[in-house]
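The primary structure of each chain is shown beneath.
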Amino acid sequence: MNRNSDRDTPSADHGVEGQPDCWTRAAELAVRHREVLPRRGERVAVIGSGASYAMAQAYAALREAEGHGETDAFSTSAFLYGREYDRIVALTRTGTAPVMQRLLGKVHDSVPSVALTASPDAPGIADHTLRLDFADEPAEAIATLFPTTVLALLRAHLGENLDDATDDAYEAMEESLPQVLLGARQFTFLGSGWTYGIAEAAAQLMRDNAGTWAQAYQEPEYRPRPAGPGQQGEVTWVFGDVPERLAQAVREAGGTLVSSARDPLADLVRVQRLAVAGPTRPAT
């Protein structure tokens with residue numbers, strides 16, 4: 001299989017703090033390797049697991065909404081082999097997961113594939129492999145750098161200018177996290193269209209790394225739950241515009257509404273910071 005590599009010395013700043021620089025480098029990489037990425041009009045399947053699957057969902061919704069072609073997102077183990085695609089995009093941080101290797105092995109010679117990975121040592125399991133070495137992070141670290149960098153690359157390939165997103169991310173890193181968020185135990189993340197994938201990534205971060213109750217919903221489908229006696233209302237975090245009916249419903253339920261005018265990918269940085277900090281209990 002052919003391999004494309006962008007092997008540079010990894011950035012000294014890893015994790016949350018390194019993301020804006022990685023997004024800029026990913027946008028440059030998208031331009032250099034556009035010939036192996038999905039072309040307008042192609043029918044595309046995007047696959048990944050965990051946070052990468054959430055980014056696959058975001059990209060699939062965004063690509064279709066912008067008129068680039070039919071795009072399906074699959075969790076790696078749930079890929080539907082009976083469907084016909086013009087290209088498969090695999091999001092895999094290490095490229096070593098057996099389920100991913102089996103999938104790409106089965107479609108080899110029948111569907112062109114490209115793997116986006118962070119590991120400089122990732123095997124060439126696809127027809128083309130783009131190694132985002134600068135977005136690598138330790139296996140034991142919370143998955144922050146690679147998922148957002150992959151989505152930044154794919155957004156840039158769709159023709160988006162990420163300058164505002166990177167500026168927003170710098171602001172999101174510097175902004176203090178309110179105590180109400182640091183002490184919260186229940187989170188609901190909402191999105192619509194491509195931002196639903198962002199909401200899924202946020203919920204996963206809080207469940208898996210901060211030990212809190214967290215769920216994601218499509219914004220139009222969500223109805224806040226009133227807090228019970230002696231209970232703290234849950235945090236409702238919206239990626240994108242907040243309809244007035246939702247804001248009112250959250251207030252009436254006794255919850256906390258969080259939103260931002262920043263790019264949704266940059267606002268996810270705040271959730272990452274919260275997951276890294278972990279919840280704190282109120283003083284007694």
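This is a predicted model, so every value here is computed, not measured.

Here's the deal with the overall build of the chain
In terms of regular secondary structure, the chain is built from 9 helices and 10 strands. Looking at the chain as a whole, 53% of its 284 residues are labelled buried. About 12600 Å² of surface is accessible on the chain, with carbon and sulfur atoms providing 46% of the total.

Considerations on unusual backbone geometry
With phi around 80°, aspartate 109 is a residue other than glycine that occupies positive phi space. Relative to the assigned elements, aspartate 109 resides in the loop between α3 (98-107) and β5 (113-117). We classify aspartate 109 as exposed; its relative accessible area is 72%.

Looking at the confidence of the model for the chain
With 90% of its residues at a pLDDT of 70 or more, the chain has an overall mean of 89. Across residues 1-14, where pLDDT falls below 50, the model places 42 contacts with residues more than four positions away in sequence or in other chains.

As for the pattern of salt bridges
If you walk through the whole model with that rule in mind, you get 13 salt bridges. Among the ionic pairs, aspartate 136 bridges to arginine 93, the shortest N-O distance being 3.7 Å. Highlighted residues: aspartate 136 in the loop between β6 (128-131) and α4 (145-157) and arginine 93 in the loop between β4 (87-91) and α3, separated in sequence by 43 residues. Note on arginine 93: relative accessible area 23%, which makes it partly exposed. The shortest N-O distance in the salt bridge between arginine 270 and aspartate 267 comes to 2.7 Å.

Some thoughts on the packing of helix α2 (residues 51-65) against helix α7 (residues 195-210)
Close contact between α2 and α7 brings their axes to 7 Å; oriented N to C, the two are set at 165°. Comparing the axis directions of α2 and α7 gives the class roughly antiparallel. Remark: the crossing between α2 and α7 carries left-handed chirality. Of α7, the residues touching α2 (which contributes Ala51, Ala54, Met55, Gln57 and Ala58) are Tyr196, Gly197, Ile198, Glu200, Ala201 and Gln204. Classifying every residue of the contact of α2 with α7 by side-chain character gives 7 nonpolar, 3 polar and 1 charged.

Rules and cut-offs
Residues numbered from 1 in each chain as written. Predicted model: local features only at pLDDT ≥ 70, side-chain atom pairs only at ≥ 80, totals over all residues. Heavy atoms only, no water. Helix = DSSP H or I, 4+ residues; strand = E, 2+ residues; numbered from the N terminus. Buried < 20%, exposed > 50% of the residue type's maximum accessible area, 1.4 Å probe, protein only. Areas by Shrake-Rupley, 256 points an atom, 1.4 Å probe, with all protein chains shown as cover. pLDDT = per-residue confidence, 0-100. Contact = heavy atoms within 4.5 Å. Salt bridge = Lys/Arg side-chain N within 4 Å of Asp/Glu carboxyl O. Axes fitted to C-alpha atoms, helices over the stretch in contact; angles between N-to-C directions. Parallel < 35°, antiparallel > 145°, perpendicular 65-115°, else oblique. Left-handed = near helix turned anticlockwise from the far one by under 90°. Nonpolar A, V, L, I, M, F, W, Y, C, P; charged D, E, K, R; others polar.

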